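Chain by chain, the residues:
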Amino acid sequence: MRMLLLGQAESGKSTMLKNFQLHFAPKAFHTEVELWRPVIQLNLVRSVNVILNVLSSIHDTPVDAASRRASTRPLSPDGHRLLRMRLAPIRQVELSLNKALSAVPVEQPPASAGPATLLDGPYGPLDVCVRSGSEWKTRVQEQMLFPGRGAARGELVNAARILEACREDIIALWEDSSVQATLRTHGVQLQNQPGFFLDQAARVAAHDYTPTEEDILKARIRTTGVEEYRVEMETATEKGEAWTLYDVGGHRGQRAAWAPYFDDVNAIVFLCPIAGFDQVLSEDKSVNRLRDSMKLWKTICKSKALANAKFILLLNKCDILKAKLDSGVKFSDYVTVYEGGNTFEDVTSYLKRSFQIIHKEYSPRKRELHVHFTCAIDTSMMSVVLTSIREFIVMDTLKELTLV
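Residues numbered from 1 in each chain as written. Predicted model: local features only at pLDDT ≥ 70, side-chain atom pairs only at ≥ 80, totals over all residues. Heavy atoms only, no water.

- As recorded in an unreviewed UniProt entry, the protein chain goes by Heterotrimeric G-protein alpha subunit-like protein and comes from Ceriporiopsis subvermispora.

Quick look at the structure:
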């Protein structure tokens, strides 16, 4: 079985793949748990550095009386400056972990540079860009076994020690309500971003930290190129059989590399992050994320090279969509043709129908479409979805072979 995972950047493809491995090859999945520690810790320190970049972009952090009373750990402006000084080594931790994992060298910005501009946004992303293939896992494994060898020479060990030493200050930074108010003022919503672990800093920054399944699913890595995974099934009737899954980079500049993988695949799993209706692409701020997903879906549906593939659509990040709608964000403000209600049920019904219409209109031949609403970090939900996907692919393939 050959399955191709498609979708724009940050749609949840890599998380979907991790869920597939966890569900169908749990033993193999758990052998790699320790390798995810530096990735998760890098996600954490990038969150910290995003906050430090925001704070350093202003001369002082405003703290009003109401914020002080509401704060669980109130800090004065002088306290903020002292905290920023104590957390200064975190910038070096980010560089060290990035060096150990990253496909793209990152230079340390000068201290006077203000907010980081070498990254995706004005204050930096939370993810890490890795080489295609599993070279990063090999590098991490080598450094864990031989911390004094290799180009990094103990980068992971030193980074973990510094991170633990800064643990209490990281907690204090995140729990201060005046910091939270400053982030809101600057439009920085870390909780809704991939790779968010600040609420778990006490655990993740500990010297004896071991990633959980949930941590690994939440960890954010940006794929460059095409990742090929061979998963040997450990469960169900396919035990011992191998499934090959391709996870491709979703950024606009990487989509041209998709075409060679269209040939001879059994199934396409397309992920659309439906919570992105009020967001734009990081690579093109003029393009709405939902509109881009629909355009990409149309291109995939009309491809003649994929005419015989099974199509599975995952409308992902339902939890974030519901939270946005419940908070009062109006779907119709961003999708102007929409005239329905602003409830989760109304919006998801509209989205499902819209994607189904595109599939029916542009497919080169009549074929079945399986649609699921998902939250890729919800293991219980994904267990049901993945079982359904497996049964659909296997049974449909057997029918084509006239075996059933």
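**Structural notes on the overall build of the protein chain**
Step number 1: A count of helices and strands for the protein chain gives 16 helices and ten strands.
Step number 2: Residues counted as buried form 50% of the 404 residues belonging to the protein chain.
Step number 3: A separation of at least 24 residues holds for 76% of the contacts in the protein chain among residues at least 6 apart in sequence.
Step number 4: Accessible surface, the protein chain: about 18,800 Å² in total, of which carbon and sulfur atoms supply 52%. (Helix = DSSP H or I, 4+ residues; strand = E, 2+ residues; numbered from the N terminus. Buried < 20%, exposed > 50% of the residue type's maximum accessible area, 1.4 Å probe, protein only. Contact = heavy atoms within 4.5 Å. Areas by Shrake-Rupley, 256 points an atom, 1.4 Å probe, with all protein chains shown as cover.)

**What about the pattern of salt bridges?**
Step number 1: For the structure shown, the criterion picks out eight salt bridges.
Step number 2: Of the charged contacts in the structure, one is a salt bridge between lysine 322 and aspartate 326, with a shortest N-O distance of 2.8 Å. Residue lysine 322 and its partner aspartate 326 are both found in helix 14 (residues 318–326); the two are separated by four residues, about one turn of the helix.
Step number 3: Note on aspartate 326: relative accessible area 54%, which makes it exposed.
Step number 4: Of the charged contacts, one joins arginine 390 and glutamate 391 as a salt bridge, the two residues approaching to 4.0 Å between their closest N and O atoms. (Salt bridge = Lys/Arg side-chain N within 4 Å of Asp/Glu carboxyl O.)

**Considerations on the confidence of the model for the protein chain**
Step number 1: On average, residues of the protein chain carry a pLDDT of 82, and 81% of them reach 70 or more.
Step number 2: Within the protein chain, the lowest mean pLDDT, 41, falls on helix 4 (residues 65–70), and the highest, 97, falls on helix 15 (residues 344–362).
Step number 3: This stretch, residues 105–122, has a pLDDT under 50; its non-local contacts, to residues over four places away or in other chains, come to 23 contacts. (pLDDT = per-residue confidence, 0-100.)

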